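Structural overview
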Amino acid sequence: MVKKGLSVGVVGAGIGGLTAATLLLRKGFDVTVFEKEAFVGGRALSFDPSSQDLAEYRNLLSKFNMSLPFSEPDWDTILSKKLLSGYTLDLGFHAIGGGAASNINQVFSELKDHVDMLESKLGYIMEQDFNYPFLSMFDKIRILPDILHLVLSGESTMKKLDNVSMMETIERYGKGKMRLVLEVFSRVITTVNDLSRISTGETFRSLKNLLSGSNPVGYPVGGLKSISLKLADFIRQNGGIIRLNTPVKKIVVDENRVKGVLTDEGEQGFDVVVSNVLVQNLFKFVDKKSFPDSYVNNVESLTGTGSLCAYYSLDKVDPRLIGKTFLFIERGVGVEGDDAVGMIDFMTASPYSGLAPEHGFLVQSYVICTPDEAKNKEVLLRLREVLDKNLWRLIPDFRERLRWAVYPAVWHLDGVAKTIDNVKPGVKTPVNGLYLVGDCVKAPGIGVNCAVNSARMLQTML
Ligand SMILES: Cc1cc2nc3c(=O)[nH]c(=O)nc-3n(C[C@H](O)[C@H](O)[C@H](O)COP(=O)(O)OP(=O)(O)OC[C@H]3O[C@@H](n4cnc5c(N)ncnc54)[C@H](O)[C@@H]3O)c2cc1C
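Residues numbered from 1 in each chain as written. Predicted model: local features only at pLDDT ≥ 70, side-chain atom pairs only at ≥ 80, totals over all residues. Heavy atoms only, no water.

Moving on, we come to the packing of helix H5 (residues 137–151) against helix H9 (residues 200–210). Between H5 and H9, the least distance of the axes is 10 Å, while the angle of their chain directions is 100°. Relative to H9, H5 is oriented roughly perpendicular. Counted together, Ile 147, Leu 150 and Val 151 of H5 and Phe 204, Leu 207 and Lys 208 of H9 form the full contact between these two elements. When its residues are assigned to classes, the contact of H5 with H9 shows five nonpolar, no polar and one charged. (Axes fitted to C-alpha atoms, helices over the stretch in contact; angles between N-to-C directions. Helix = DSSP H or I, 4+ residues; strand = E, 2+ residues; numbered from the N terminus. Parallel < 35°, antiparallel > 145°, perpendicular 65-115°, else oblique. Contact = heavy atoms within 4.5 Å. Nonpolar A, V, L, I, M, F, W, Y, C, P; charged D, E, K, R; others polar.)

This is the structure in structure tokens:
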């Protein structure tokens, strides 16, 4: 470990901020993390009703751009009968994309540690049955040669395809099962339903990433909090400081160089400041005048992704489903892009997930929508039907098996959607000493992977 002696202030203890703090501590920097909430993890947070007040759950959702439009039974009954006792719930559906860009355990291996992950291939839900995995060996032999030259092509070809929409690519290559693969995977890779916004380059990069490394999806045993708590432990045990309940009010910049951060306790000087807040909120903390107009205009125009999630607790699940994850596409739902793609995941139903009491099976699911649709009750009602219908296709008697269901809606699942119309900012900003990490930043993967990879990129820059 080389002691560099520079001081770093990290604003936000989400996965991106915690990973950056961990990696920079390893490099010998003095690191202080400022977190406005009383806990670490940001959007990668698991709620545990045995140690947290269940009444706080809705409040917690609202802090992270979420609401709870539906539940079964109603929320008051869930509270009064303590139906969630013994379960751990993430803020909403979480499965971490796999393949070569899934890097959280590469970070932990540097710390001689790891997070236990459940992994699954992706299956596909049909009208009355399912395929697992999605593509049989026969399918692969038949259809892959059509696109293999694209999937395996180099970065220069991918770059040329960056501005070609999946709508165009599907019209060109999409026949039979290949069409289905491209329609479903491009949407699930980006959490966007509108094929005209999805980049072909990005889709093929992600498909290429899935050809090596872990299975296509993974889920941390014990929930998402397992990752953030482990990172926070490492930071605290290695001389880093995490200041909870300490919102940063301002990132102080002077003559195009970062100077430090301002909190209620006054100004604290840092050589480097790393922002992990939603990038659209950056100019609440830093004076716009420190940045070129084009940078400000771009950042302010960026949009996130949304979804309706559902957590179902069932008293019985077909053993053939346990541990597996399934995709579906529902046609003509009337959302942006018309068709809606989603996932139903039984990794959390595995007894090894550690998320449900004995004899309880937790199933998590989500269906993609836009941030605006995630705030529209009429659209959400239709999406709830879509989720229930697809669970019913897998478990025809699920209503008789249901103990409870909660349906959180989210309008900032990804901080910034990875689409043709959104150009994510890089890790380095135009202000000297100010860097960005998190899922709003240009880095491989989306969601958790993007946040982790952005921190790994920062590590190489300092
Ligand atoms: C419901 C839901 C489902 C998701 N599903 C998936 C999934 O299936 N797969 C996947 O890979 N990703 C998923 N994501 C996205 C994933 O959770 C995020 O990409 C990931 O948590 C990375 O977040 P981050 O580090 O960019 O920042 P965040 O988690 O947003 O952390 C930012 C932190 O900054 C803090 N903060 C903000 N302002 C201040 C301030 N002024 N001062 C101090 N601190 C501040 C916040 O409190 C927060 O802790 C999902 C997200 C949600 C909400």
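Don't stop here, the text continues.
Glancing now at helix H8 (residues 176–190). When the terminal C-alpha atoms of H8 are compared, their 22 Å separation across 15 residues agrees well with the 21 Å that a helix rising 1.5 Å per residue should span. With 13 of 15 residues buried, H8 lies mostly within the body of the structure. Thr 191 sits one or two residues past H8 and shows a positive phi near 60°. (Expected span 1.5 Å × (residues − 1). Buried < 20%, exposed > 50% of the residue type's maximum accessible area, 1.4 Å probe, protein only.)

Quick look at the packing of aromatic side chains now. As enumerated under the stated definition, the model contains 16 aromatic pairs in all. Plain terms: the ring middles of Phe 93 and Tyr 366 are 4.7 Å apart, the flat faces sit at 40° to each other, and that makes the pair tilted. Here Phe 93 is found in the loop between strand E5 (89–90) and strand E6 (96–99), whereas its partner Tyr 366 is found in strand E19 (residues 361–369), with 273 residues between them in sequence. Relative to Phe 346, the ring of Phe 326 has its centre 6.0 Å away and its plane inclined at 85°; by these criteria the two rings are edge-to-face. Placement of Phe 326 in strand E17 (residues 325–335) and of Phe 346 in the loop between strand E18 (338–345) and E19 is noted, with a sequence separation of 20 residues between them. By the ring-pair criterion, three or more aromatic residues cluster together here, those being Phe 70, Tyr 312, Phe 398 and Tyr 407. (Phe/Tyr/Trp six-rings, centres within 6.5 Å; stacked < 30°, edge-to-face > 60°.)

Not every one of the 33 residues close to the ligand is listed here, only the nearest: Gly 16, Glu 35, Arg 43, Phe 93 and Asp 439. Here Gly 16 contributes a backbone N or O atom positioned 2.7 Å from an oxygen atom of the ligand. Between Glu 35 and the ligand, the recorded distance is 2.6 Å, taken from a side-chain N or O atom to an oxygen atom. When isolated, the ligand has an accessible area of 1000 Å², and the protein chains bury 94% of it. No other element matches the three residues that helix H14 (residues 447–461) contributes to the shell around the ligand. Here the residues of the shell around the ligand are counted per class, giving 17 nonpolar, 11 polar and five charged. (Near = heavy atom within 4 Å. Polar contact = N/O pair within 3.5 Å; in protein donor to acceptor, adjacent residues only side chain to side chain. Areas by Shrake-Rupley, 256 points an atom, 1.4 Å probe, with all protein chains shown as cover.)

Turning our eyes to something else, we now look at the pairing of E17. Across the 11 residues that make up E17, a large majority, eight, are buried. Bridge analysis of strand E8 (residues 122–125) against E17 gives three bridges, and the strand direction is parallel. Bridging across to E17, Leu 122 finds its partner in Thr 325. In terms of strand pairing, E17 meets E18 through seven bridges, oriented antiparallel. The partner of Val 335 across the bridge, within E18, is Asp 338. Between the antiparallel neighbours E17 and E18 lie two residues, among them Gly 337 with a positive phi of about 95°. (Pairing = 2+ DSSP bridges.)

Time to look at the state of the cysteines. Counted by the stated rule, this structure contains zero disulfides. For Cys 369, which is in no disulfide, the shortest distance to another cysteine sulfur is to Cys 309 and amounts to 8.9 Å. For the unlinked cysteine Cys 450, the closest cysteine sulfur is that of Cys 440, found at 8.1 Å. Using a relative accessible area of 0% as the deciding quantity, one classes Cys 450 as buried. (Disulfide = S-S within 2.5 Å.)

As a further point, take the domain arrangement of the protein. Here the domain parsing of the protein yields domain 1 (7–46 + 223–302 + 418–461) and domain 2 (50–85 + 117–220 + 306–410). Just the C-alpha atoms count here: the centres of domain 1 and domain 2 sit 28 Å apart. If you look at the interface, domain 1 gives 16 residues, while domain 2 gives 22 residues. It is Gly 223, Lys 418 and Ile 420 that lose the most area in domain 1 upon contact with domain 2, and together they represent 37% of the buried surface on that side. The salt bridge involving Glu 202 is made with Lys 418; its shortest N-O contact spans 3.3 Å. Remark: the boundary between domain 1 and domain 2 carries five residue pairs in polar contact (both at pLDDT 80 or more). When its residues are assigned to classes, the side of domain 1 that touches domain 2 shows seven nonpolar, five polar and four charged. (Domains from an automatic or database assignment. Buried area = accessible area lost by both parts, 1.4 Å probe. Salt bridge = Lys/Arg side-chain N within 4 Å of Asp/Glu carboxyl O.)

Residues Leu 148, Leu 152 and Leu 211 make up a contiguous nonpolar surface patch of about 270 Å² in total accessible area. One can find Leu 152 in the loop between H5 and helix H6 (155–161). (Patch = residues over 30% accessible without salt bridge, like charges linked within 9 Å, V, L, I, M, F, W, Y side chains within 5 Å.)

Moving on, we come to the sheet that holds strand E21 (residues 434–436). Read across the sheet, five strands follow the order E11-E2-E1-E15-E21 without closing on themselves; strand pairing throughout is parallel. The two strands at the open ends of the sheet, each matched to only one other strand, are strand E11 (241–243) and E21. Here the strands of the sheet are splayed against their neighbours by 20° on average, with no regard to which way each runs. The pairing of strand E1 (residues 7–11) with strand E15 (residues 272–275) spans four bridges and is parallel. Pairing of Val 10 across the sheet is with Val 274, part of E15.

Strand-to-strand pairing in sheets goes through backbone hydrogen bonds, with the strands running parallel or antiparallel. The strand order across the open sheet built from three strands is E12-E13-E14, with neighbouring strands paired in antiparallel fashion. The open sheet has two edge strands with one neighbour each: strand E12 (250–254) and strand E14 (266–269). Mean inter-strand twist for the sheet, computed between neighbouring axes without regard to direction, equals 35°. Here strand E13 (residues 257–263) pairs with E14 via four bridges, running antiparallel. Bridged to Val 261 within E14 is Gln 268.

For side chains bearing opposite charge, pairing can occur when the charged atoms are close. With the rule as written, the count across this model stands at 28 salt bridges. Here Glu 72 makes a salt bridge to Arg 399, at a shortest N to O gap of 3.4 Å. With Glu 72 in strand E4 (residues 66–72) and Arg 399 in helix H13 (residues 398–401), the pair connects residues that are 327 residues apart, well separated along the chain. Exposure remark for Arg 399: the relative accessible area of 43% places this residue in the partly exposed category. Ionic pairing is found between Glu 155 and Arg 205, a salt bridge with its closest N-O pair at 2.8 Å. Placement of the pair is Glu 155 in helix H6 and Arg 205 in helix H9, with a sequence separation of 50 residues. A network of salt bridges, in which partner residues are shared, links Glu 155, Asp 162, Glu 202, Arg 205 and Lys 418.

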